[in-house]
Amino acid sequence: MSESPDARSLVSASSQLNLMEIDAIDDKEFDIPQVDTPPTLESILNEPEDEDEPFVLEDTCLLNTENIDTHSCETSSLASSDSGDRTHLKRRKKTVEMNANVHGSVLRHNILKGISAQMVSAADKVDAGLPTAITVSSVIAVGTSHGLALVFGKDQNQALRLCLGTTAMGAEYGAVSALSINHDCTRLLCGFAKGQITMWDLANGKLLRTITDAHPPGTAILHVKFTDHPALAVCNDSGGSVFELSFRRVMGMRTCDSRCLFSGSKGEVCCVEPLQAGPELRDHSITQYSLLAMASLTKILVIGLKPSLKVWMTFPYGKTDPASVPQLAWQFVSVQKAINPILAFCRGDTVHFLLVKKDESGTIHVIKQRQLHLNCDVISLSWINSRTLVVVDSVEKLHVVDRPSQEELETVDLAEVQLVYNSSHFKSLATGGNVSQALALVGERACYQSVCSYGGQVVYLGTKSVHIMTLRNWRERVDHLLKQEKFVEALALAWSFHEGTAKAILGLFGDPAKRKGVVADKMVEILFQYVERSLKKCPEQGKIQVMEQHFQDMVPVMVDYCLLLQRTDLLFNQIYVRLVENSVAKGVFLESLEPYILSERIGCLTAPVMRDLLAYFQDNGMMESVEGCLVHMDITNLDIQQVVQMCWDNQLYDAMIYVFNSGMNDYITPMEKLFQVIGPALREGKPMTDVEVVMGNKLLVYISCCLAGRAYPLGDIPEDLVPLVKNQVFEFLIRLHSVEACQEEELYPFIRTLLHFDTREFLNVLALTFEDFKNDKQALEYQQRIVDILLKVMVENSDFTPSQVGCLFTFLARQLAKPDNTLFVNRKLFDQVLEFLCSPDDDSRHTERQQVLLELLQVGGVVQFDEGRLLSLAEKAEFYQICEFMYEKKQLYDRIIDCYLKDPLRKEEIFNYVHNILSMPGYSPEEKHSVWDKTLQHIQELVTIDPSKSAEMVSVHFAEEIQPIITTLQDDYLVFQFLKNLLGPREGQAGQSQLRLGPDMHEQLVGLLCRFSPQEVTAFLQNSQDYRLEETIQITEQHQLHEATAFLLEKKGDIHGAFQVLLKTLESKLSYLAQEGLKAPVPAPGREEEEGEEEEEERKRGEEDGPLQRVQEALGDIIALCVRSLHGLNQQQREALWFPLLEAMMSPQKLLKGPDAKHTSEALKELTMQVLNNMFHLHRSARHHPTHSPGPCVWQRQTSRDSKLDPGHAGHLYIRTDLTGDDD
């Protein structure tokens, strides 16, 4: 049976302050400096009520202000402390979301049926009116709309104890608008809608005081509150003013003095909240100040009423919804083992917190805490304990919020409460409604007098009922979930209580050990219930998959919580015993153990469970699961031989090794068995299967683990067994024969098998093992013995490849190169290996043998050889990389050039090598000069290999030797390639070559270009300026390159000479065209539309390669010359160009007669018209545009050639591009 509300109501506030339940708050963070001169109430009242006013947070205590700039309290600095460390806030929120806990039902909701029934009855029978206000202490007082105050007891009967006032008083004073009970529950203050205040004696129901002049008339009382001082109260009226009420008794007369604390003329206060401490906190250092929090429409204020009136702090809300209701709530909390008050306040959806504390020096600090952001508009704010807030939003939803984590724990719909609102009092309807619009708007959702918190309870006043909300204790929250058969949620909630991560905890010990013990007992009880439910609720009919899914949803939960509670005894001895009654449940249970075993959360099973587990996995073909589980468990209670046989039969080699090692401390038998798997294929020279390769690798890893003191496949070998295991493994490896050896078995079968399987990896295993042999005499003896065996096996056997032999000697060279080496290896063996690798008669695996020998030398093996003999053998074997290695060691860098030239794979690398030697520091002048000389000696070979890289190298390092180099190059084509790359633009180098040489060398290149690449001559002449014109003209004339000759003559200034060269070229092409025209018809320009598709294609092909196309190009060149020379010639000189050109075009037409020559004749006529048109327009241009640029004509000629236009179109293009804006 649950406790009665009355039994819980008198829980002292000290029980809410359990130090173990409070998160520590950093009281150094957001410490707010005080100002020298605190503001007065008058100055605050005269402040403009602007919502955008600067943020002001003041601490009026006296501090050392030497280092404080009292004028630097800016908005930015204070706003930065507004919400604390925002990054931390986001991080905490994310963590809460990711680890969201089950909270269950946090609040117990009760209706006080006795009070609710009497309240309704009083309204009906004695015309008490509807409820308007409520307050709670040791009794519950309810005010009514007809001026009565009904006082009820909080016992189980909830009897009506007093009915204070009369309906006649109600008619005069109006409805009760506010109630307050003092701290010892002896006095009741009633505020009325018409402004009066009455005080009643709760012991006998007598009226002690009627106060009518405490505040301006015509305003309703919104709040009336007792303070902790027995003779001091405060009230707040609908004018927005706040007054202090001081009660006195003089000569038997009870009086009341009123003092205005805040005038509503500059801004209305709509909520007040004095700080009230319980009896056990009466002596707290803060209570002597009688703190009062006031909430206006724009800011909150905290003032001290004692010993004298003082403003402690002001804090603006910032921009908020004008309809939002300001809220205030005080609560004492434990901060770093000190209890101090904290003020929660909000207007809208953000709750702010201010901690008030007094340090050892007596200085008062107001410290801003982290904000709480809600997704609702708050109309009621209450503390239910020091960590938990209860808020009601504007849609009457109640939210329980954990303040430290800012996590919402529960939401309850209060719609059925029918909450009473105080709107009429805020509008002061009883006195004519003389209030501001802003206050009336806030009053629409004001319910201050309908919500009251006391001793861990929050009471809500409805129109016909009274509701009380209390926190459920932890056991009740768990049981509430169990009643709904939410076992998983109940276990999760209980576990959060066990770990201390739950929120709003009530009823648990502060000592963690006691708490865990109590909660663990409860969880065991839940687990038993859960097991029974899983069996009873199992579907008896249907598919087996349905039953499996049923248990798969439930069994892992049981396993998980048993392991969390470290109760494997409960899991295996009770729960499993119960589940085996159902075969499906048994299977699911055994399968669910696997992930916990693999993660090593379960390390040991009872013998029956272990046997069942192996049998189940084996029966269901889950052998991989068997292996995975075996290697993570203690198997001492199993039948070892049976398990070993099972592993061998199913090829569970990891499990087999683990069983031998852990169960019998036998590290040799697993190796014997693995050798049996891989040995036959290697001995017979057959290719290995994938399974055998895996086994071979597994064997190498196992040997490596044994020699390194590690267990296989995980963990470590017991320390006392490590030396013994190493010795056993070495003794095994160096055995002359296996246990079941046949007569054909070769010596040292195990080492031989590993070398054939993977020489390099086996030697790597030995190398790692040898690292630990420094001070172990016996181990050093094993080391020497193994090396001797390796040499005997590999050197005396022809079965091994050069790479394998090279791996051995590389391994030996590394060991011998160590400063603390104790190994001895006969040097003759290295000579044998050298002979083997450098055998000139063996052309197979040339690259492989060279790489093996190079690796051997690089790790220090060179000290084992006679260097002269090594170099001689390398040269004979054409091991040029070996030669390079030795020459570099001897600093004979010039000899390395021969190595590169002889090596067909690395010839092109010689250029980088020469460049590095000649340009990088670190080489002596003599060394560089020897390389320089050697390079010159082989320059012809270098040019043959790569002319471009040769030219680049010469330009950088041999610029003074170019002429001798050209002389050395006996082949003209080599000279051509060399000079072309040397003098022409190279890749990555724009424009002309940076190397400046004499004109004779450029002219020599022109001659070579004429011979080997005539199409590049003109381009070279255009880009180069380092040749002589007369000599170069002779060269081009000699090779009959007319276009290049004309370019040079024009560059020389001989326009007529250039014209004659181009004219002769045109005449020869016209003559050829005329001859061809007599043989076959040539289509005339502009006749495409009259031809068929086949004729069109044929015509185009003819144009591209035919004589007409060549005539067009030649004509374009000569016209372009005439255009460029337009402004440098007089009229007579221009005519000397154009008329011969016109004559040359017309002469062939006389020969073209007859129908066969018709098409050619028409084409020439069109071209002749081009000449005439250009003559005409260029003549006009010379007259009217003396500064006309010839550029467009030059461009047009190129365009005409590139676009393959017919002559008619080309002629028009010449005209248009030359006019450049002429009217014609």
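Reading the values: the criteria
Here the residue numbering is sequential within each chain, running from 1 through the sequence in written order. Local features are withheld for residues below a pLDDT of 70 in this predicted model, meaning they are given only at 70 or higher, and side-chain atom pairs are given and counted only at 80 or more; totals for whole chains, interfaces and linings count all residues. For side-chain calculations, the full set of non-hydrogen atoms in the structure is used, while hydrogens and water are omitted. Only runs of H or I of at least four residues qualify as helices and only runs of E of at least two qualify as strands under DSSP, and these elements are numbered from the N terminus. We call two residues in contact whenever any of their non-hydrogen atoms come within 4.5 Å of each other. Shrake-Rupley sampling with a 1.4 Å probe provides the accessible areas, and residues are treated as covered by the protein chains on show and by no other component. The pairing criterion is simple: DSSP has to find at least two bridges between the two strands. Structural elements are reduced to axes, namely lines fitted to C-alpha atoms, with helices fitted over the stretch in contact, and the angle between N-to-C directions of any two is expressed from 0 to 180 degrees. For classification purposes, angles smaller than 35 degrees are called roughly parallel, those larger than 145 roughly antiparallel, those between 65 and 115 roughly perpendicular, and all remaining angles oblique. By salt bridge we mean one thing: a side-chain nitrogen of Lys or Arg within 4 Å of a carboxyl oxygen of Asp or Glu. For each residue, the accessible area found with a 1.4 Å probe, counting protein chains only, is set against the maximum for its type, and the residue is called buried under 20%, exposed over 50%, and partly exposed in between. The directions considered for the arc are those from the helix axis to the C-beta atoms. When residues are grouped by polarity, Ala, Val, Leu, Ile, Met, Phe, Trp, Tyr, Cys and Pro land in nonpolar, Asp, Glu, Lys and Arg in charged, and all others, Gly among them, in polar.

(A) Region of the structure containing the overall build of the chain. A tally of regular secondary structure across the chain gives 46 helices and 29 strands. For the chain, contacts bridging at least 24 residues in sequence account for 60% of all contacts bridging at least 6. Total accessible area computed for the chain in this model is approximately 56,500 Å², and 49% of it derives from carbon and sulfur atoms.

(B) View of the sheet that holds strand β16 (residues 299-304). Read across the sheet, four strands follow the order β14-β15-β16-β17 without closing on themselves; strand pairing throughout is antiparallel. The open sheet has two edge strands, β14 (269-274) and β17 (310-316), and neither has a second partner. The average undirected angle you get between the axes of adjacent strands in this sheet is 15°. One ladder, built from five bridges, connects strand β15 (residues 291-296) with β16; its direction is antiparallel. If you follow L291 over to β16, its bridge partner there is G304.

(C) Geometry of the packing of helix α28 (residues 880-890) against helix α29 (residues 893-902). At a minimum axis distance of 9 Å, the contact between α28 and α29 shows a crossing angle of 170°. Compared by their axis directions, α28 and α29 come out roughly antiparallel. When α28 is examined against α29, the residues Y880, C883, E884, Y887 and E888 are found in contact with a partner set consisting of Y893, R895, I896, C899, Y900 and K902.

(D) Structural view of the pattern of salt bridges. Evaluated as defined, the whole model comprises 30 salt bridges. Of the charged contacts, one joins E273 and K225 as a salt bridge, the two residues approaching to 3.6 Å between their closest N and O atoms. Here K225 lies in strand β10 (residues 221-226) and E273 lies in strand β14, a separation of 48 residues in the sequence. Across the pair R472 and E476 runs a salt bridge whose closest N-O atoms are separated by 3.1 Å. When its relative accessible area of 18% is taken as the criterion, E476 is described as buried. Taken together, the shared-partner salt bridges connect R108, R472 and E476 into one network.

(E) Spatial organisation of helix α30 (residues 910-919). All buried positions along α30 are accounted for by I910, F911, Y913, V914, I917 and L918. The buried residues of α30 occupy an angular sector of 160° when projected down its axis, which confines them to one face. The inward-facing, buried residues of α30 contact α29, α31 (925-937), α32 (939-945) and α33 (947-957).

(F) Region of the structure containing the side chain of S177. Position of S177 relative to the elements: it lies in strand β6 (residues 176-181). Beyond its immediate chain neighbours, meaning those up to four positions away, S177 contacts A133, G191, F192, A193, I221, L222, H425 and Q449.

(G) Structural context of the packing of helix α14 (residues 583-598) against helix α15 (residues 607-619). Relative to each other, α14 and α15 sit at 100°, their axes nearing to 10 Å. In this view, α14 runs roughly perpendicular relative to α15, as classed from their interaxial angle. Seen from α14, the contacting residues are K586, G587, L590, E591, L593, E594 and I597; seen from α15, they are V609, D612, L613, Y616 and F617. A class-by-class count of the residues in the contact of α14 with α15 yields seven nonpolar, one polar and four charged.

(H) Highlighting unusual backbone geometry. Across the junction of K306 and P307, the peptide omega takes the value -15°, indicating a cis bond. Mapped onto the elements, P307 comes out in the loop between β16 and β17. Within the chain, E396 stands out as a residue other than glycine whose phi angle is a positive 60°. Counting through the fold element by element, E396 comes out in the loop between β24 (388-393) and β25 (397-402). At A504, a residue that is not glycine, the phi angle is positive and equals roughly 55°.

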